[in-house]
Every structure is written in C-alpha cells, then in structure tokens.
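Each chain is listed here by its residues.
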Amino acid sequence: MDSNTDLPYSFAVEYSGPPISHRSLPRALPIDISKIPVAAVVPVSRNSSKLLSSMPVVQPIVVSKLLGCNDTIVSPNSVISFNADKNCIGNGTGNGTGAETETTVSPGFEEQSSGEFSDMVNNRDGVGLGGRGESSGTLGFSDSFDKSREFSGNSLAFRACKESLDLNQQDWVSNGSGLSLSFEYPSSRVSSLKTGDCKDEPSFDRKNRLIGFGDIESETESFVDDIDIDVNINININININQGQPEAARVKKEPGVKTKKGVCYRCNKGNRFTEKEVCIVCNAKYCVNCVLRAMGSMPEGRKCVACIGYSIDESKRGNLGKCSRMLKRLLNNLEVRQVMKAEKLCAVNQLPPEYVCVNRKPLCHDELAILQSCPNPPKKLKPGNYWYDKVSGLWGKEGEKPSKIISPHLNVGAPIMPNASNGNTGVFINGREITKVELRMLQLSGVQCAGNPHFWVNDDGSYQEEGQKNTRGYIWGKAGTKLVCAVLSLPVPSKQVYPTGEQFSNTLGQSVPDYFDQIAPRKLLLVGCSGSGTSTIYKQAKILYKEIPFTDEERESIKFIIQSNFYSYLGILLEGCERFEDEALNNTGNQVSENDETVYSIPPRLKTFSDWLLKTMVAGNLEDIFTAATREYAPVVEELWNHPAMQATYKRRNELETLPSVSSYFLEQAAKILSTDYTPSDVDILYAEHVTSSNGLSTVDFSFPLSLDENNDKSEQHNSPRFQLIRVQARGFGENCKWLDMFEDVRVVIFCISLSDFDQYAVDANGNLVNKMLLNKKFFTSIVTHPTYEQMEFLLILNKFDVFEDQLERVPLTCCDWFSDFRPVVSRNSQNKNISSNNINHSPSMGQMASHYVAVKFKKLYASLTDRKLYVSVVKGLDPNSVDQTLKYAKEILEWDEEKPNFNFNEYTIYSSDSGSDS
Amino acid sequence: MSVAELKEKHKAATETLNSLRERLRDRRSQLLDTDVASYAKAQGKTPVAFGPTDLVCCRILQGHTGKVYSLDWTPEKNRIVSASQDGRLIVWNALTSQKTHAIKLPCAWVMTCAFSPTGQSVACGGLDSVCSIFDLNAALDKDGNLPVSRMLTGHKGYVSCCQYVADDDTRLITGSGDQTCVLWDITTGLRTSVFGGEYQSGHTADVSSVSINGSNSRIFVSGSCDATARLWDTRVASRAVRTFYGHEGDVNPVKFFPDGNRFGTGSDDGTCRLFDIRTGHQLQVYTPHQQQQKGDSITSIPSVTSIAFSISGRLLFTSYSNGDVFVWDTLLAEVVLNLGTLQNSHEARVSCLGLSADGSALCTGSWDTSLKIWAFGGHRTVI
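This write-up is about the structure you can find in this document. (Residues numbered from 1 in each chain as written. Chains lettered and ligands numbered in written order. Predicted model: local features only at pLDDT ≥ 70, side-chain atom pairs only at ≥ 80, totals over all residues. Heavy atoms only, no water.)

**Some thoughts on the side chain of Ser121(B)**
All names here are of chain B. What counts is decided by this rule: Secondary structure elements follow DSSP: runs of H or I of four or more residues count as helices, runs of E of two or more count as strands, with numbering from the N terminus. Here's how the labels work: a residue is buried when its accessible area is under 20% of the maximum for its type, exposed when over 50%, partly exposed in between, all with a 1.4 Å probe on protein chains only. Should any heavy atoms of two residues lie within 4.5 Å, those residues are counted as being in contact.
Turning to its location among the elements, Ser-121 is positioned in strand S7 (residues 121-126). With relative accessibility at 10%, the residue Ser-121 sits in the buried group. Those residues in contact with Ser-121 that lie beyond four places of it in its chain are Ala-114, Phe-115, Ser-116, Ile-133, Phe-134, Asp-135, Leu-136, Tyr-164 and Asp-169.

**Observations regarding the pairing of strand S27 (residues 361-366) of chain B**
All names here are of chain B. The cut-off we apply is this: Strand pairing is assigned whenever DSSP detects at least two bridges linking the two strands.
With respect to burial, S27 is a largely interior element, 6 of its 6 residues being buried. Judged by which residues are buried, S27 turns out to be covered on both faces: Ala-361, Cys-363 and Gly-365 on one side and Leu-362, Thr-364 and Ser-366 on the other are all buried. Sheet analysis places strand S26 (residues 350-355) next to S27, joined by 5 bridges and oriented antiparallel. Each residue of the ladder has a partner; that of Gly-354, found in S27, is Cys-363. Hairpin connection between S26 and S27: a loop of 5 residues separates the two successive antiparallel strands, and Gly-359 in this loop has a positive phi of roughly 80°. Bridge count between S27 and strand S28 (residues 371-375): 5 bridges; the pairing is antiparallel. Bridge pairing in S28 places Leu-362 opposite Trp-374.

**Some points on the sheet that holds strand S8 (residues 130-135) of chain B**
Residues and elements named next belong to chain B. Inclusion rule: All axes are obtained by fitting lines to C-alpha atoms, using only the stretch in contact for helices, and the reported angles, taken between N-to-C directions, cover 0 to 180 degrees.
Read from one edge of the open sheet, 4 strands run S6-S7-S8-S9, paired in antiparallel fashion. The open sheet has two edge strands with one neighbour each: strand S6 (110-115) and strand S9 (148-153). This sheet shows a mean twist of 20° between the axes of neighbouring strands, independent of strand direction. In the sheet, S7 pairs with S8 via 5 bridges, with the strands oriented antiparallel. Note on S8: the bridge partner recorded for Gly-125 is Cys-131.

**A few points about the packing of helix H26 (residues 772-784) of chain A against helix H29 (residues 846-866) of chain A**
Residue and element names in this part refer to chain A. Our working rule: Orientation categories follow fixed angle ranges, with anything under 35 degrees roughly parallel, anything over 145 roughly antiparallel, 65 to 115 roughly perpendicular, and all other angles oblique. Helix crossings fall into two classes, left-handed where the near helix is turned counterclockwise from the far one by less than a right angle and right-handed where it is turned clockwise. All amino acids are sorted into three groups, where Ala, Val, Leu, Ile, Met, Phe, Trp, Tyr, Cys and Pro are nonpolar, Asp, Glu, Lys and Arg are charged, and the leftover types, Gly among them, are polar.
Axis separation between H26 and H29 bottoms out at 11 Å; the angle between their running directions is 30°. Viewed along their axes, H26 and H29 adopt a mutual orientation that is roughly parallel. In terms of crossing hand, the pair formed by H26 and H29 is right-handed. On the side of H26, the interface is formed by Met-773, Lys-777, Phe-780, Thr-781 and Val-784, while H29 contributes Phe-858, Leu-861, Tyr-862, Leu-865 and Thr-866. For the contact of H26 with H29, a count of residues per class yields 7 nonpolar, 2 polar and 1 charged.

**Quick word on a positive patch on the surface**
All names here are of chain A. Put simply, the test is: Nonpolar side chains (Val, Leu, Ile, Met, Phe, Trp, Tyr) are joined into patches within 5 Å and like charges within 9 Å, using only residues with over 30% relative accessible area and no salt bridge. Accessible areas in this description were obtained via Shrake-Rupley with a 1.4 Å probe; residue shielding takes into account the shown protein chains only. Throughout this description, the term salt bridge denotes a Lys or Arg side-chain nitrogen within 4 Å of a carboxyl oxygen of Asp or Glu. The convention is simple: Lys and Arg are positive, Asp and Glu are negative, and His and the chain ends are not counted. For charged residues, the charge sits on one atom: NZ in Lys, CZ in Arg, CG in Asp, CD in Glu.
Taken together, Lys-322, Lys-379, Lys-380, Lys-382 and Lys-397 make up a surface patch of like positive charges. Note on placement: Lys-382 falls in the loop between helix H14 (365-373) and strand S5 (384-388). The exposure class of Lys-382 is exposed, given its relative accessible area of 54%.

**As for the environment of Ala229(B)**
Residues and elements named next belong to chain B. Tracing the sequence through the fold places Ala-229 in strand S16 (residues 229-233). Taking C-alpha positions, Ala-229 is 5.1 Å from Phe-244, a pair spaced 15 residues apart along the chain. Excluding anything up to four places from it in sequence, Ala-229 contacts His-203, Val-221, Ser-222, Gly-223, Arg-242, Thr-243, Phe-244, Val-254, Phe-263 and Thr-265.

**Points about the nonpolar core**
Residues and elements named next belong to chain A. Formally: Only buried residues count toward a nonpolar core, which is a set of Ala, Val, Leu, Ile, Met, Phe, Trp, Tyr and Cys residues joined through side-chain atoms within 4.5 Å.
Formed by 52 residues in total, the largest nonpolar core has its most connected members in Trp-739, Phe-743, Phe-780, Leu-813 and Phe-858. For this core, the element with the highest residue contribution is H29, accounting for 7 residues. Counting residues in each nonpolar core, the second largest holds 38 residues, with Ala-584, Tyr-650, Ile-673 and Ala-688 among its members.

Structure (structure tokens):
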C-alpha cells in the first residue's frame with residue numbers, strides 16, 4: 001500500500017507555477033460512452049470492405065495537411081499543447097487563406113459526398129454513429145477531404161471544410177481530454193496510410209502511440225484512470241476495424257492494453273509461465289503484483305476495474321466462483337469467499353437470458369429464472385438455441401436429439417416447432433418430428449411405430465396416439481428401455497423429486513438468487529413510549545424462550561439495579577410523606593399548633609435517616625449508598641417502611657406521579673431485597689425497572705419451542721424459524737426518532753401502549769401537559785406514517801390490562817378526550833350477553849369492553865392512515881402466558897404474510913399447466 | 001411554598017424567558033442589516049463557475065450490503081472508513097478502492113464512525129449507546145473479526161456522532177441521544193466531562209452532531225434536535241458558551257468553517273446556515289431554489305443530511321435526503337453544481353459526505369449502499 005505514495009498520481013498535485021486565470025485552464029467535457037462513435041464502427045466491418053476503405057474517423061493530421069502544416073504532429077504530452085495546436089489550426093482557417101492550402105472542393109461535390117454519406121448511414125441499418133450529429137459532421141468532413149485531394153476548386157467548399165472542422169473540434173472537446181489524446185493516433189495512422197504520402201509517418205505515429213499509452217498507464221493511480229482505460233478499449237476496436245479484421249457481431253470488450261503474449265497487461269513484465277489472473281470480461285491477464293490494483297475490490301468478481309458492469313465472457317462461465325491459488329494467496333479466506341460469492345451471484349454475471357433461445361424465442365429474465373430454479377433444470381446451461389417439449393419435459397439443442405428430460409410444464413419460450421430436432425422419420429412426439437435414434441429407441445421399447453403415428457407423451461412416460469383417449473403404455477416403464485437409452489445416449493427421466501403440480505410454487509419468490517443467508521432471523525421490532533412496558537415484554541420473551549434467561553453476572557448487576565431502585569422508591573415516598581405532612585398541617589391550620597403531629601409525621605430517629613437519604617438523592621449520588629450501607633441500613637429501612645406514616649403515604653401513592661406502580665412489589669419485600677445474599681428471581685427481574693438499557697437497543701434471538709401437536713404436524717420442518725426481537729425505547733414520547741429508518745428489514749412492528757395511560761399526563765416537547773394516551777396516539781401515527789414502515793405489518797399491544805381494570809373502577813375511560821364517546825353497555829339486562837361476550841357465564845367486564853373499545857379506536861385510526869388491518873392484542877405484561885400468546889400471534893401474522901403470495905401463485909400454476917397441455 | 005406556587009412561578013419564569021428570547025431575536029434581526037450574499041454581491045463577486053469535468057465521480061466504493069450511514073477520511077493518508085447498516089465498518093483505500101479492513105460490529109445499528117488522527121484506529125457508535133474503538137493493527141480473533149479495543153460506555157441514549165480531538169488519539173467527543181455530549185479519555189475509557197444533561201444548561205433534545213474547531217481544539221459546537229446549535233468549551237462543561245437559534249427544524253450536521261470563527265449547520269427544515277461564533281449572529285441562510293418557489297409546503301422539503309466546507313471555505317457541499325448533493329458558493333449563497341444530476345449520481349438518500357484532508361476529493365455515502373468519490377475529472381498536467 002505504501003508503494004502507492006511513490007507513484008505520481010493526480011490526487012493532489014500542488015501547483016507551483018505562474019498564476020493562471022480560470023479561462024486558460026484546460027477544460028474537458030465528461031465522457032458519455034454512448035457519444036463516442038464506437039458502436040457505429042463495428043457494424044461497418046460487417047458490411048463491405050468497400051465502405052471500409054472510405055471509413056474515416058477523425059483526422060487531426062489530415063487537418064494539418066489540409067492547412068499545410070505538415071509538422072503539426074500533435075505531441076501526446078498534454079492537452080494544452082494539443083489545444084494550442086488546434087488553436088493555431090483554427091487561426092489558420094480563420095484567416096481563410098491557409099497559405100499552402102491546395103485543397104478545395106467544388107460545391108457540387110459537396111452535395112455528392114453528403115449523399116454518399118447518407119447512403120452509408122442507410123447501409124448501417126440505422127445503427128447510427130453514437131446518435132450524434134457532430135460525429136456525422138466528422139464523417140462528412142473526412143469524406144469530402146478524400147475527394148478534395150482529387151479535386152481542386154473554389155473556396156466555397158473550403159468553408160464547408162471549415163464547418164466540419166469546427167464540428168470536429170467540438171467532438172474533441174466532448175470526448176474528453178484523456179480521450180482526445182489517445183484517440184488521435186490510430187485514426188491518424190489510418191488516414192496517413194490511406195492517403196499514402198509521407199511513408200515515414202506511420203512508424204512515427206506508432207512510436208508516439210506507445211508513448212501515449214505509457215503516459216496514460218503511469219497515471220493509473222489518478223482518479224481518472226477508469227476513463228482512460230475505457231477510451232483505450234474503444235481505440236483498439238477502431239484499430240481492428242481499420243486494419244480490416246472484422247469483429248464478431250457482438251461487441252466484445254477487449255483489454256485496454258495490447259501487449260506481447262504472456263506478459264502482464266499492467267506492468268508488461270513476466271512471461272507466459274508466470275501465474276496470472278484473468279479478467280472474466282476482457283481476458284486481460286495480470287500478474288501477482290498488479291492483480292489487486294487492476295481489479296480493485298472486485299465487487300463483481302475477477303474483473304478489471306474498467307470492466308465492472310459488463311457481462312462476462314461466456315467461455316469463462318464455467319470458472320465462475322472457482323478461485324485460483326493466486327487469489328487465495330493475496331486475500332484472506334473471508335475476502336476470497338466474498339469475492340467468489342459476488343462473482344457467482346451478482347446480477348451482471350448471470351447468464352443473459354436473451355442468449356438462451358428456447359423454441360426460437362429468446363428468454364426473458366423471469367423465464368430463465370424459472371428454468372434454472374425448477375427441480376430438474378438443464379445442466380450447465382450455455383447460450384444457444386434449444387428446443388423444449390413442455391408436455392414431456394424433453395430438452396435438447398436445436399436440430400439435435402433430446403439431451404435431457406427436465407421438469408415439464410415450465411412456462412418458458414415459444415411452442416415447440418415440428419422440425420425442432422431436425423427429424424426426418426415422420427413420427428411425431430408432442431408435435432415434434434423425432435430423430436432416427438429416438439425412433440429406434442421407441443421400436444426397441446416396444447412402441448408400435450408403423451404408419452408414422454403422432455404420439456402424445458406425458459412427463460411420466462405414458463403415451464397415447466393423438467386424438468385418442470386411452471393410454472397405450474409407458475415408454476420408460478420397461479427396465480430394458482433405460483438400457484437402450486443408455487446405449488443410444490438418449491435421456492431417461494430422473495426420479496421425480498416433487499409430485500407434479502406444485503413443482504415450483506415455492507421457488508417463484510426467489511427468481512433472483514438469494515443474496516442473504518436463509519437462516520437470517522425474522523425481525524420483530526418492539527417499540528413503545530417510555531412506561532409502556534416494552535421492557536417487560538422483552539424480559540418475558542427472554543424468560544420464556546431462553547434456557548438461561550439471565551447469566552449470574554447479569555443477575556448480580558440486576559440486583560444492584562433493583563436495590564438502587566428500591567432506595568429511589570423510598571425517596572419518592574419520603575418526599576410525598578413530607579408533602580402530605582405539610583398539607584395536613586396547612587389544612588388543620590394553627591388550631592393544633594402545639595401538637596403538630598399528623599399521621600404523616602416520622603419519628604426523629606428515622607427522620608435523620610430519611611433526611612440524609614433525601615439529600616444524597618438530590619445530590620445525585622444514590623449509587624454510593626447501598627454498596628457500603630445495604631446491610632447496615634436494612635433494619636432502619638424496614639422500620640421506616642413499616643412505620644404508619646409511610647404506610648399512610650403509600651396508601652395515597654396514586655397521588656405521587658413519580659412513583660411507579662411496580663414499586664409496591666419491591667417495597668413489600670424490603671427485608672429480602674436489602675439483604676446481601678439476595679438473588680433476584682425471574683419474577684423480580686420482570687418487575688424491576690431499568691434492567692434493560694433504558695434508552696437504547698436490546699435484542700434477543702429466540703425460536704418458539706415446538707409444542708407436541710405442532711411437532712406431529714410439521715415433522716418435515718426440522719428447524720423452526722428463528723426470530724429476533726428488537727426492543728427500542730423511544731425517549732420520552734418519541735419526538736425526533738432519528739433511528740426509525742434503520743429498521744427497514746423488520747417484518748412486524750409490535751407497538752406497545754399501556755392501557756393505563758388514559759388518565760395520566762405527561763409534559764410534551766412544547767412544555768404542555770398532555771394526556772399520555774394522546775401522546776401514544778401521536779407517536780403511533782408518526783411511526784405508521786413513516787415511509788420506512790409503509791408496507792409493514794403492525795401488531796398493537798394494549799399492555800397492562802390488569803392495571804387498567806383496577807383503574808376503571810376509579811376513573812371512567814371518558815376522561816381521555818379521545819375516548820369521550822365511550823358508552824359502555826351496562827350489563828343489567830341479559831340480552832347483552834349474547835352480543836359481545838365471549839364467555840357465556842357472565843357479561844363482559846368493564847375492562848374487556850373498554851379495551852375492546854380502545855382497540856377499535858386504534859384500528860380505525862390505522863385503517864384511516866393506511867387502509868390495512870391492524871392486529872391488536874390485549875396483554876398483561878407480567879403474565880407469561882399472555883406475552884407468549886402475543887408473540888405467537890406475531891409469528892402467525894408473519895406466516896400469513898408469507899403465504900399470501902403463494903396463494904396467488906397457485907392459481908397461476910394451474911393456469912400455466914393448462915396452457916402447456918393445450919399447446 | 002407549596003408545589004402549586006412553585007409551578008406557578010416556574011411557568012411565569014418560562015414565559016419571561018421566552019419573551020426575552022423573542023426580544024433578543026428581534027433585536028438581532030434588527031442589527032443584521034445584511035447577509036454575506038448580499039454584501040458579496042455588492043462587492044461585485046461572481047459565483048464560482050464549474051466546468052463539467054471539474055467534479056466527476058471517479059470511484060465507486062462498493063462492498064456494503066446495507067445503507068451507508070457515515071464516513072470519515074484519515075487526516076494524512078487517503079483512506080476512508082464507512083459505517084453501514086449491514087453491521088460493518090469498512091476501511092477503504094480511496095485511491096485503489098480496495099478494502100483494507102472489514103470490521104464486523106457487535107451491534108449492527110451503527111450511526112457514526114470516525115478515523116483517529118494517526119489513522120491507527122477507528123471509532124464508531126450507534127443504537128447500542130456505546131462508542132466502540134477498534135485498533136486497526138490489532139490481531140484478528142479466531143473468527144477473523146477485529147476485536148473491540150475499547151468500549152466507551154456511559155451514554156444513556158444512542159451515540160449519534162463521534163469525532164476525535166485533532167492530533168490526539170486518546171480523546172474523543174461524542175454526541176448522543178441522551179441530550180449530552182461527552183469528552184472521553186480513551187486510554188482509561190472514562191468520561192472526562194459531560195456537556196449538557198439534567199442539571200446543566202444543555203440541549204433539550206437529542207444531540208445529532210458535533211464538530212471540533214480546527215484551530216482551537218478546546219472549542220466545539222454541537223447540533224441538536226431542539227433546533228439549536230450550541231458552542232462549548234471543553235474546560236467549562238457546566239454550561240454552553242453560546243446557543244445559536246434560527247433553524248426551524250432539527251439541526252442534523254454541524255461543521256466548523258476552516259478558519260474556526262464560523263460554523264455551518266444543516267437542518268430538517270431544508271436550509272443550511274452559517275453562524276459566527278464571535279458575534280453569535282447568523283451570517284447566511286442557504287435555501288435551495290425549489291424550496292423557495294414551493295413556499296411553505298413543508299411535507300416535501302428534503303432535509304439536509306450532511307455538510308462539508310472546502311479547504312478554502314468558498315464551497316459548501318451539502319447532501320439532502322432526496323439524493324441531491326449541492327455545491328454552494330458560500331459567499332453568494334448560490335448553488336453552483338448539483339452532483340445529484342451528474343452521471344453516476346446516487347440513487348437514494350445521500351447520508352454523509354466528507355472532504356479528504358487535502359481537499360482534493362469529496363466522498364459521499366448513500367443509502368444505495370455505495371460510496372462515491374468525486375474529484376477533478378479533467379486531465380491534469382503541470383504547465
């Protein structure tokens with residue numbers, strides 16, 4: 001890598017010279033490959049050699065001769081010098097005199113030449129000259145030049161020359177600087193050869209050309225080298241044509257640099273015995289030192305950097321993905337695997353479908369995919385013409401006997417032609433005249449073939465005569481037939497892998513090769529506002545599906561967290577206690593001034609402790625306390641907790657907004673938690689807050705354990721699908737979720753909402769106090785309408801149903817504005833039982849009705865946003881069964897989602913097989 | 001004093017604060033009689049002209065299989081580190097487009113990456129709320145992965161950006177979704193100081209980016225989803241030196257101007273702004289044309305995802321969520337080139353861009369999984 005620095009490259013060359021104005025800087029236009037007249041040139045070679053002789057390209061030297069400046073052989077060193085030359089040419093023409101000009105063309109001729117030119121264009125079948133007017137100008141010019149040497153006439157035509165010259169210039173510019181330099185050599189050489197004077201020039205030019213390439217080569221470290229190489233390729237094609245070596249019809253990409261046989265194409269060193277890597281597109285060979293430079297990071301396998309994006313040389317298809325020893329030496333194992341995988345699988349390297357003709361019809365992409373992914377595909381498919389008998393599955397090269405029996409009923413190509421295998425026996429199978437060998441086989445296997453019958457052979461080998469119903473027998477049925485086939489080298493059907501009918505229903509989805517590993521887990525995104533219980537569900541999933549949900553280390557740290565939580569709960573209670581005490585004192589006024597004891601008062605001994613606790617809390621170093629003090633303070637804390645003042649405060653806990661509902665679970669077992677040998681149980685962990693990183697991301701990989709009946713059902717399904725539950729906690733209420741677009745590969749979004757939020761308030765981004773349910777709704781809306789999640793399935797979890805039920809007894813659901821039209825049917829009369837109850841014994845509880853109502857509200861909201869169906873599940877986060885059911889529900893949603901396309905496709909297969917048998 | 005009273009007081013104080021802020025803004029706009037563009041125009045400056053090959057795509061770095069989220073250049077060598085949602089960091093040689101390292105990350109949701117000043121290590125951070133440091137010279141572990149050499153844990157939210165302090169491989173500043181910025185000591189893995197947070201006057205929403213002053217590494221600026229940018233002195237962590245208001249949406253990127261006295265910001269409101277750190281004034285707004293015409297149809301405004309200044313500061317490169325990359329003339333506030341309309345432009349959102357240390361090449365990373373290097377495309381000769 002360090003050797004790079006030694007080479008001159010134009011990454012940043014500091015300019016140290018006289019100041020230059022912007023205008024004098026050389027400019028070059030970007031190269032548009034389509035504008036370089038290459039495509040036009042190739043077809044010419046196909047046509048006639050007569051045209052070839054008049055096949056001009058671009059002639060800077062001709063120009064110079066035209067103007068008599070014989071010494072202006074453009075130096076290959078810089079654009080600038082070339083520009084300067086051009087300028088001088090321009091000036092010469094501008095003066096209109098061109099002292100030594102001897103060439104002028106008559107106007108009449110000009111017409112003639114343009115006529116010729118248009119003829120030429122016609123001959124080319126409209127292939128065009130790169131589709132550009134300017135290049136035709138080039139041609140016109142050179143044409144007229146050819147003649148102009150023969151004629152001499154007035155200055156009118158000279159103006160025409162000038163015009164085309166201008167066009168030429170334009171062309172140069174548009175071809176880019178790198179191009180203009182190297183492009184001129186071959187053409188100038190050709191033209192000088194053609195004109196025949198200055199015999200010494202060609203060799204000179206040739207020398208120049210080599211120098212030119214050398215220059216460009218040495219610049220390969222610069223950022224422009226790709227362009228240079230492209231240009232070189234074009235030139236080579238030009239040379240070939242101009243030298244009268246017609247190319248094949250298809251434009252074949254040639255290596256950028258022509259070298260001696262056996263040497264490396266980049267460094268020109270080595271001989272034919274040195275190990276080299278070959279570019280799978282252009283056949284360029286590179287030695288060990290150069291291969292990585294020439295091929296770069298190999299995003300499409302072993303291709304020169306310039307060849308990336310081009311289809312590969314078909315003769316090399318067999319070597320795709322087969323690594324050479326050299327590459328293994330250069331790259332590490334992982335990289336080699338990656339490169340080889342890319343080489344085999346990347347889209348450009350796939351067999352171009354149009355090269356494969358089945359029954360005279362070039363395939364399209366989908367057809368090729370079907371052909372290659374069928375259970376019994378043709379082996380080593382190469383470009384070429386094939387025939388395919390859809391009914392029996394016989395497959396062969398056009399004009400030849402069958403070579404294989406592939407899967408029948410594939411909807412590829414056109415109907416089979418009668419003369420597909422060039423038979424002359426008069427016997428037909430499925431509309432194809434069979435070959436002699438086949439007829440022999442049929443006779444040997446006992447099929448009556450007298451009277452040139454037309455057979456109808458199915459893929460299972462059963463045959464019938466055309467127009468008759470009864471099956472006459474099975475061709476492949478006899479044991480001897482297979483032997484006969486082997487002797488005559490005819491194919492026999494391979495064992496059926498799938499029963500007919502549903503052969504490729506499951507392969508359609510993979511018409512494009514699967515780049516991703518099949519075993520990648522399906523991702524479920526669990527998202528919700530803070531306090532919605534996402535972490536509880538996450539922990540439940542861990543406990544439910546993991547053998548060891550928490551390691552000992554984790555438990556140790558969780559213990560730490562639980563204890564610290566406990567102190568913070570206590571702190572909140574103490575604060576509340578003080579507040580209530582104040583209020584109580586205020587209420588009673590000064591009437592009992594001597595005895596200011598209220599029910600909230602704490603005895604002095606505990607008071608000192610509680611004050612200290614509050615102080616450390618405010619200071620923010622709560623963590624310092626319990627490491628040292630857990631054991632020491634445990635009795636005090638317990639006493640404090642059991643004190644009537646605290647209990648009284650605790651009773652009014654719903655007035656303390658900051659006290660989480662789970663706190664009671666821990667507060668009630670204070671002694672146990674504060675002991676040093678406390679190990680949190682799974683339930684403790686479930687209840688504990690802040691165990692999963694509170695504002696971040698946590699993932700758990702799991703698979704659903706198969707229950708017994710499922711095992712029986714799906715015995716063929718060996719490994720159950722793996723899932724990944726990703727839990728992300730939105731900060732606050734989900735404003736500015738920058739990370740939402742990171743989860744585009746998620747399959748189901750599980751959105752979690754706490755039902756108990758309906759009477760709670762929180763401060764939103766603008767500092768206003770807003771109902772939490774409305775904030776939830778807002779966040780839900782923002783996620784559902786987020787472009788990343790447009791096509792995703794949503795599962796809404798209405799969490800904390802247990803808390804919700806309790807709450808409803810105290811607060812009506814209508815206290816939330818959004819739910820103001822909730823009119824529960826009070827179940828006094830028995831009629832209502834039938835309407836909405838799922839348990840017959842008693843009418844639905846208030847909680848059920850209310851949760852149902854909330855679910856409908858969200859479903860309506862979702863439908864109005866997306867017009868799809870929202871899945872809703874009511875959950876008690878702390879109840880394992882409830883969470884288990886919900887996650888299984890998510891799995892069902894996924895499976896349903898996967899099956900949907902198959903349903904559609906089944907109809908298609910029926911249709912296609914029908915059409916196949918009709919043909 | 002009861003809680004209700006306190007709340008009342010708090011509310012009153014907030015209102016006062018807001019009205020004062022309003023007055024301050026009015027006063028500022030009164031004092032600002034011109035912006036850079038109109039002044040430059042008055043001085044007869046003409047926009048920088050771009051030839052068609054002055055900036056062309058010369059390299060396409062392919063190798064990621066997920067959206068590219070972030071990239072960074074080494075200060076001295078021409079190497080790039082890029083972070084992608086496929087869970088890999090790739091270190092590229094920008095000249096040969098070779099990969100020198102492919103680092104598999106423990107957490108795939110990476111948002112940012114940075115090269116250390118010596119080029120010996122790279123840092124990255126993401127949704128795991130951890131900033132991970134990888135020593136590029138370390139030996140691979142048995143699975144062929146580069147091991148994490150240091151985990152900087154302590155953030156309570158995702159790590160949205162990280163940048164090394166210039167010429168110091170051991171100090172790093174991160175910005176995070178927990179509304180704070182943190183200066184880390186990498187050798188110990190501990191926080192040297194925390195900027196912002198609960199008890200301090202810091203950002204009130206997620207920090208989305210930081211940029212350290214090139215000429216004075218004690219000064220850095222941070223942009224945040226609270227639509228402000230804040231200037232910090234690493235010696236004074238308690239409060240921001242200055243807060244810059246002006247944007248109407250989340251501030252995504254911030255970047256110091258080469259001279260260190262100004263900085264640029266880009267925002268979800270589709271504009272970029274130039275602020276002066278000495279006066280605290282906004283110097284210029286860079287509003288794309290189509291947006292000016294459309295007026296206030298907010299829905300379709302592409303947000304600014306990343307910005308970079310040229311070495312001289314005359315050019316400002318900005319990338320947008322719709323795949324555009326504009327080159328602005330900083331002085332005249334005119335778009336002089338749109339890389340999104342050139343050949344080989346990206347097919348999806350351009351998420352990050354960066355200028356090489358010598359200023360000769362621009363690298364853009366996109367959600368179409370590729371990175372592209374743009375540089376002078378003409379034939380370079382010494383005259």
